[in-house]
Amino acid sequence: GINAEYGKQWYQRRVRGTMTGSQPGGGKMSVKEDRSISLAGYETCGTIIVTYNFNSGTHNGTRYSASNFPRTAYFPDNAKGNKVVNLLKIAFKRKLVFRWVVP
């Protein structure tokens, strides 16, 4: 069954207000549509291409290396794909998509 105490703890830990993360500034998120490409299972619509790019730099006084960028993600250009991409735009603006870890 469901643990009522766990549910209570989850409710108490809800975020109120606007959540922001530690993603360094200076990154870029670009979105473009390509109607000539379709994804498997979504042959009737085009593709939304999301590309993230960061350069190495300093965040809060600590140098970091932004390896493996640019990174690209693909979504079907339909209602659900557009909804996900719009949520990713919000998350990126709030610095929630990437997190930098200092070794």
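Before reading further, recall that the structure is shown in the block above.
Residues numbered from 1 in each chain as written. Predicted model: local features only at pLDDT ≥ 70, side-chain atom pairs only at ≥ 80, totals over all residues. Heavy atoms only, no water.

Undergrad: Just to check I follow, could you spell out unusual backbone geometry for this structure?
TA: When glycine is set aside, most residues are seen to have a negative phi, and most peptide bonds are trans. The step from Phe69 to Pro70 runs through a cis peptide bond, and the omega angle for that step is 5°. Even without glycine at this site, Asn68 takes up a positive phi of about 65°. Mapped onto the elements, Asn68 comes out in the loop between strand E4 (62–64) and strand E5 (71–76). The exposure class assigned to Asn68 is exposed, which follows from its relative accessible area of 60%. Positive phi is not limited to glycine here, since Lys95 has a value of about 65°. With respect to the helices, strands and loops of the structure, Lys95 is situated in the segment after helix H2 (79–93). What makes Lys95 partly exposed here is its relative accessible area of 34%. (Helix = DSSP H or I, 4+ residues; strand = E, 2+ residues; numbered from the N terminus. Buried < 20%, exposed > 50% of the residue type's maximum accessible area, 1.4 Å probe, protein only.)

Undergrad: Is there a simple way to explain the nonpolar core in this structure?
TA: General note: in soluble globular proteins, nonpolar side chains tend to be found buried as a group. Among the nonpolar cores identified, the biggest contains 12 residues, and these are Met29, Ile48, Val50, Tyr52, Phe54, Tyr64, Ala66, Phe69, Phe75, Val85, Phe92 and Phe98. Looking at this core, the elements that each hand over two or more residues are strand E2 (47–53) and H2. Counting residues per element, this core draws most heavily on E2, which supplies 3 residues. (Core = buried A, V, L, I, M, F, W, Y, C linked by side-chain atoms within 4.5 Å.)

Undergrad: Looking at this structure, I do not really get the packing of aromatic side chains. What am I missing?
TA: Centre-to-centre distance and the angle between the planes together describe a pair of aromatic rings. Under the defined criterion, the tally for this structure stands at 6 aromatic pairs. Ring geometry for Tyr52 versus Phe92: centroids 5.6 Å apart, planes at 40°, classification tilted. One end of the pair, Tyr52, is in strand E2; the other, Phe92, is in helix H2, and 40 residues separate them in sequence. An identical accessibility class is assigned to Tyr52 and Phe92; each is buried. Taking the centre distance of 5.3 Å and the plane angle of 70° together, the rings of Phe54 and Phe69 count as edge-to-face. Of this pair, Phe54 sits in the loop between E2 and strand E3 (57–59) while Phe69 sits in the loop between E4 and E5, placing them 15 residues apart in sequence. You can call Phe54 buried: its relative accessible area is 3%. Among the aromatic residues, ring-to-ring pairing joins Tyr52, Phe54, Phe69, Phe92 and Phe98 into one connected group. (Phe/Tyr/Trp six-rings, centres within 6.5 Å; stacked < 30°, edge-to-face > 60°.)

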